[in-house]
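Architecture and fold: a report
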Amino acid sequence: PLLACRQAMALFDPRYIAFVGVAGGFDRDGQRHGDVAVSSVVTAYEYGKVDTGGFAPRGNFSYRCNEALVRAADAVSAMNERWWDELREPGLPPRVRTGMIASGDKVIDDPDEAFFAAVRAAWPKLLAVEMEGAGVAAAVHEAQGERAVGFVLVRGISDMPHHKSPGTPDTVVVSTSTQERDRWKVIASRNAACFL
């Protein structure tokens, strides 16, 4: 994502970059599959120190998103705009939240695992976790000394990382089926794109 974003900025000279896709969400405040998370801050959570006390993440690889884009997302949500009408999905309409999104190189399927538990302790209000946004954020941050460019992540919640029981083998299916996950990826990515 870092190199692709650099090349896109050089080629198109955009004023804003919106990176749209899917993420894993956390079940706080009623967040559910299909909801949309918009980043106000992106943190590259894997930078830190590992010692006998475990992993201690560092916050110096956190990137603020464009304030105007974040406030626009808040405004659409506050005004109860029916941006989802064209989706025609049965059930409750997707909700939008703005806040911190964590980005790293690992798929997080158990938020209580020791490594990621340290991340959640450092940033207890995380909305979502994904894998590419920190690269885009770093590229934009790097370019901001030379050009006016802002960014935001817009992520549909396609999965809800969940606690694994101790001693549960990897072969035991404790989450939704692959078919169900794939269905939510389609719905979540469509919701994120439609919201944008």
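A brief look at the structure comes next. (Residues numbered from 1 in each chain as written. Predicted model: local features only at pLDDT ≥ 70, side-chain atom pairs only at ≥ 80, totals over all residues. Heavy atoms only, no water.)

Overview of the pairing of strand β4 (residues 54–57)
This is how it is decided: A strand pair is defined by DSSP finding two or more bridges across the two strands. Counting from the N terminus, the helices are DSSP H or I runs at least four residues long and the strands are E runs at least two residues long.
Where strand β3 (residues 48–51) and β4 come together, four bridges link them in antiparallel fashion. Opposite G48, over in β4, you have P57 as the bridge partner. Taking the residues between adjacent antiparallel strands as the criterion, β3 and β4 are bridged by two residues.

Some remarks on the packing of aromatic side chains
Stated formally: Two aromatic rings from Phe, Tyr or Trp, using only the six-membered ring of Trp, form a pair when their centres are within 6.5 Å; if the ring planes differ by under 30 degrees the pair is stacked, by over 60 it is edge-to-face, and anything between is tilted. The classification of residues rests on relative accessible area computed with a 1.4 Å probe and restricted to protein chains. Under 20% of the type maximum is buried, over 50% is exposed, and intermediate values are partly exposed. Two thresholds decide whether a charge sits over a ring: the Lys NZ or Arg CZ must be within 6 Å of the ring centre and within 35 degrees of the ring normal.
By the definition in use, this model includes seven aromatic pairs. Centroid distance F26 to F116: 6.1 Å. Interplanar angle 25°. Geometry classified as stacked. With F26 in the loop between β1 (16–25) and β2 (36–44) and F116 in helix α3 (residues 114–122), the pair connects residues that are 90 residues apart, well separated along the chain. Overall, the relative accessible area of 2% leaves F26 in the buried class. Note on F116: relative accessible area 0%, which makes it buried. The structure contains a cluster of three or more aromatic residues connected by ring pairs, namely F26, Y45, F55, F115 and F116. Across the ring face of Y16, the terminal group of R15 is positioned such that the distance to the ring centre comes to 4.6 Å. The ring of F115 has K106 sitting right over it, with the charged end atom 5.2 Å from the ring centre.

Here we look at unusual backbone geometry
Of note, D13 is a non-glycine position whose phi angle comes to about 45°, a positive value. Here D13 lies in the loop between α1 (2–12) and β1. At N80, a residue that is not glycine, the phi angle is positive and equals roughly 55°. Here N80 shows up in the loop between α2 (67–78) and β6 (96–103). In this structure N80 comes out as exposed when scored by relative accessible area, which is 60%.

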